[in-house]
Amino acid sequence: MSAVFEYPTSALEIARAVRAGEVRAREVVEAALERIASFDGALHCFLTVTADAALAAADAVDAVVAAGGDPGPLAGVPLALKDNLCTRGVPTTAGSRILEGWVPPYDATVVKVVAAAGAVAVGKTNLDEFAMGSSTENSAYGVTHNPWDPNRVPGGSSGGSAASVAAGLVPLALGSDTGGSVRQPASLCGVVGVKPTYGLVSRYGLIAFASSLDQIGPFAATVADAAALLDVIAGHDPADSTSLEVGLEPVSRQLEAGVAGLRVGVISDFLVDASPSCVAAVRAAAEVLSRAGAVVEEVAIPALMLGLSAYYLVAPAEASSNLARYDGVRYGLRVDGPDAAQMNARSRSKGFGPEVKRRIMLGTYVLSAGYYDAYYGQAQRVRTLVARGFGEAYEHFDVLIGPTSPTVAFEIGAKTQDPLAMYLSDLYTIPTNLAGHPAVSVPFSLSEGLPVGVQVLAPTLGEGPMFRAAAVIEHGADPGARGPIEPRLAGAVR
Ligand code: GLN
């Protein structure tokens with residue numbers, strides 16, 4: 001590689017240099033593959049690395065540059081895909097045994113869109129099975145280690161994507177966020193993670209978990225890189241019936257706009273149970289915004305604290321229905337039986353892990369006759385209260401801030417025996433999904449050597465002001481609190 005070009009570096013710098021002909025996409029992708037080869041044996045961010053396809057895609061980008069064309073805004077940028085995004089010809093497991101060996105016949109819309117923008121997918125990342133979890137420990141293929149401390153989880157469910165960016169294996173990654181699965185691992189790994197407005201990014205080809213909540217979002221080391229990726233993936237897709245028709249003004253262009261006069265609410269309900277270091281980060285970020293000219297005030301939105309219980313009825317209900325398609329016939333694993341019903345039961349018993357089974361049973365129960373109104377119906381009413389609580393707050397504020405996660409990254413194994421403790425990891429991220437709003441986690445400070453993220457929340461299509469606030473917070477953050485870092489691998493338990 002040219003002597004002046006270092007890897008890892010930012011996505012925007014790579015795209016600029018590739019488009020200018022200063023470095024070849026192939027060299028960049030080779031550097032990414034080398035870094036994956038050095039570190040991923042210990043970290044286990046990737047379930048599949050598509051080295052040959054990546055090099056071929058890089059060569060195609062270089063050919064466009066050589067011919068005087070423009071390969072796009074993410075030219076030559078190595079990118080990781082959460083393994084619940086369908087990739088044509090490349091195994092896609094969703095972290096589950098039931099999809100072992102399944103090779104999708106089509107690409108998710110986002111996969112096509114990032115490739116068309118010149119990005120180069122280098123592989124598929126580890127996740128909690130069907131994106132159900134907060135630590136990547138529910139993956140059927142083993143846990144991913146946090147690059148800041150290999151004995152800690154990277155968060156989840158998009159833990160492989162978050163860790164791959166934090167470790168500098170790739171500058172960009174995609175994940176999915178149903179209740180916090182982009183933002184929480186971003187916070188625990190010291191990277192930026194965005195959950196866009198529901199419907200802004202196509203879900204076509206995303207393996208469904210809870211369809212009224214699922215949304216695909218970017219991971220990056222910087223706010224500007226995350227904005228560049230969001231601008232590429234946002235947009236209407238006729239193949240997704242929930243895709244919004246309205247466009248969004250590119251957020252990349254608004255990053256320098258500052259926050260003068262922006263009304264920022266600090267969600268006081270989120271400061272009660274969060275750890276002291278997470279509370280301190282939010283207060284310091286509020287101070288940064290205030291010094292930059294924002295009008296900052298505390299606001300109580302008690303309805304948000306009801307979100308978690310509503311989510312754990314709505315999300316399993318939708319999941320139980322979405323996961324009915326894994327019947328041993330159409331996809332992946334089949335365990336034979338004397339008749340179709342037995343084959344179906346055996347395939348599902350063997351193919352699904354314990355957390356997925358728990359959700360299917362819970363979801364089926366809350367939808368059953370006699371319990372539907374008491375549980376599912378009630379949860380939908382509470383969902384409305386959460387949206388209303390936000391709605392009232394956004395009459396007075398442009399954006400809200402709070403912790404992303406109640407704690408820093410916890411130790412591997414610390415919460416696996418206690419599902420409720422695990423669920424509480426998403427206490428502050430879930431309300432956003434219930435309301436369909438956007439939010440972003442920005443790395444802000446360190447607590448005992450581990451990164452702490454601050455969350456910026458906004459109303460529907462409020463990504464512009466949200467990114468303006470995020471950029472200012474990033475500017476005032478501890479630069480030592482964000483990736484990419486040299487992974488700390490000593491003493492890893494495996
Ligand atoms: N941790 C939450 C859950 O287990 C959220 C997961 C997600 O956003 N995919 O459901």
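In the block above lies the structure referred to throughout.
Residues numbered from 1 in each chain as written. Predicted model: local features only at pLDDT ≥ 70, side-chain atom pairs only at ≥ 80, totals over all residues. Heavy atoms only, no water.

Section: the site of the ligand
Then comes step 1: The ligand sits among 15 residues. The nearest are Gly179, Ser181, Tyr311, Arg359 and Asp426.
Then comes step 2: Separating a nitrogen atom of the ligand from a side-chain N or O atom of Ser134 is a distance of 2.9 Å.
Then comes step 3: At 2.7 Å, a side-chain N or O of Ser181 approaches an oxygen atom of the ligand.
Then comes step 4: In the complex, 100% of the free accessible area of the ligand, which totals 290 Å², lies under the protein chains.
Then comes step 5: Residues of the shell around the ligand, tallied by class, amount to 5 nonpolar, 7 polar and 3 charged. (Near = heavy atom within 4 Å. Polar contact = N/O pair within 3.5 Å; in protein donor to acceptor, adjacent residues only side chain to side chain. Areas by Shrake-Rupley, 256 points an atom, 1.4 Å probe, with all protein chains shown as cover. Nonpolar A, V, L, I, M, F, W, Y, C, P; charged D, E, K, R; others polar.)

Digging into a nonpolar patch on the surface
Then comes step 1: On the surface, a nonpolar cluster with roughly 280 Å² of combined accessible area is contributed by Tyr365, Tyr371 and Tyr375.
Then comes step 2: Looking at the secondary structure, you find Tyr365 in helix α11 (residues 354–367).
Then comes step 3: Relative accessible area serves as the criterion here: at 38%, Tyr365 is assigned to the partly exposed category. (Patch = residues over 30% accessible without salt bridge, like charges linked within 9 Å, V, L, I, M, F, W, Y side chains within 5 Å. Salt bridge = Lys/Arg side-chain N within 4 Å of Asp/Glu carboxyl O. Helix = DSSP H or I, 4+ residues; strand = E, 2+ residues; numbered from the N terminus. Buried < 20%, exposed > 50% of the residue type's maximum accessible area, 1.4 Å probe, protein only.)

What to know about the nonpolar core
Then comes step 1: Counting residues in each nonpolar core, the largest one holds 157 residues, and the members touching the most others are Phe130, Leu400 and Phe467.
Then comes step 2: Setting aside residues up to four positions removed in sequence, Leu400 forms contacts with Gly265, Ile267, Val299, Ile301, Phe390, Ala393, Tyr394, Gln455, Val456 and Leu457.
Then comes step 3: Counting residues in each nonpolar core, the second largest holds 5 residues, with Leu188, Ala409, Phe410 and Met422 among its members. (Core = buried A, V, L, I, M, F, W, Y, C linked by side-chain atoms within 4.5 Å. Contact = heavy atoms within 4.5 Å.)

Focus: unusual backbone geometry
In terms of backbone geometry, most residues other than glycine have negative phi values and most peptide bonds are trans.
Then comes step 1: Residue Pro8 is bonded to the preceding Tyr7 through a cis peptide linkage, with omega at 5°.
Then comes step 2: Tracing the sequence through the fold places Pro8 in the segment before α1 (11–19).
Then comes step 3: Put simply, Gly483 and Pro484 share a cis peptide bond, and its omega is -5°.
Then comes step 4: With a phi close to 50°, Phe130 is a non-glycine residue in the positive phi region.
Then comes step 5: Looking at the secondary structure, you find Phe130 in the loop between β3 (120–125) and α5 (159–166).
Then comes step 6: Phi at Ala131 is positive, roughly 65°, even though this residue is not glycine.
Then comes step 7: Along the chain, Ala131 turns up in the loop between β3 and α5.

Here we look at the packing of helix α4 (residues 109–116) against helix α7 (residues 223–233)
Then comes step 1: Contact pair α4 / α7: the axes reach a minimum separation of 9 Å and the direction vectors enclose 115°. Between α4 and α7, the angle is such that the two are roughly perpendicular. The element α4 and its partner α7 pack so that their crossing is right-handed. For the pair formed by α4 and α7, the contact residues are Val110, Val113 and Val114 on the first element and Leu229, Val232 and Ile233 on the second. (Axes fitted to C-alpha atoms, helices over the stretch in contact; angles between N-to-C directions. Parallel < 35°, antiparallel > 145°, perpendicular 65-115°, else oblique. Left-handed = near helix turned anticlockwise from the far one by under 90°.)

Let's talk about the packing of helix α9 (residues 307–322) against α11
Then comes step 1: It is at 7 Å that the axes of α9 and α11 come closest, and there the two elements cross at 100°. The angle between α9 and α11 falls in the class roughly perpendicular. Here α9 contributes Tyr312, Leu313, Pro316, Ala317 and Ser320 to the contact with α11, which in turn contributes Arg359, Ile360, Leu362, Gly363, Thr364, Val366 and Leu367.
Then comes step 2: Of the residues belonging to the contact of α9 with α11, the class tally is 8 nonpolar, 3 polar and 1 charged.

A short note on α4
Then comes step 1: All of the buried residues along α4 are Thr109, Val110, Val111 and Val114.
Then comes step 2: Its buried side turned inward, α4 meets β2 (78–82), β4 (172–176), β6 (216–220) and α7.
Then comes step 3: Just downstream of α4, Gly118 is the residue with a positive phi angle, here 100°.

Points about the packing of aromatic side chains
Then comes step 1: Overall, the coordinates contain 14 aromatic pairs when judged by the stated rule.
Then comes step 2: Ring geometry for Tyr311 against Tyr312: centres 4.8 Å apart, planes inclined by 80°, an arrangement best described as edge-to-face. With respect to class, Tyr311 is no different from Tyr312; both count as buried.
Then comes step 3: Consider the rings of Tyr312 and Tyr423, whose centres lie 3.9 Å apart with planes at 10°: the pair is stacked. On the criterion of sequence distance, the pair formed by Tyr312 in helix α9 and Tyr423 in helix α13 (residues 419–423) is long-range, its members being 111 residues apart. Each member of the pair, Tyr312 as well as Tyr423, carries the same accessibility label: buried.
Then comes step 4: Among the aromatic residues, ring-to-ring pairing joins Trp102, Phe130, Tyr326, Tyr331 and Phe352 into one connected group.
Then comes step 5: Its guanidinium or amino end placed over the ring of Phe410, Lys415 lies 4.3 Å from that ring's centre, counting from NZ or CZ. (Phe/Tyr/Trp six-rings, centres within 6.5 Å; stacked < 30°, edge-to-face > 60°. Lys NZ or Arg CZ within 6 Å of the ring centre and 35° of its normal.)

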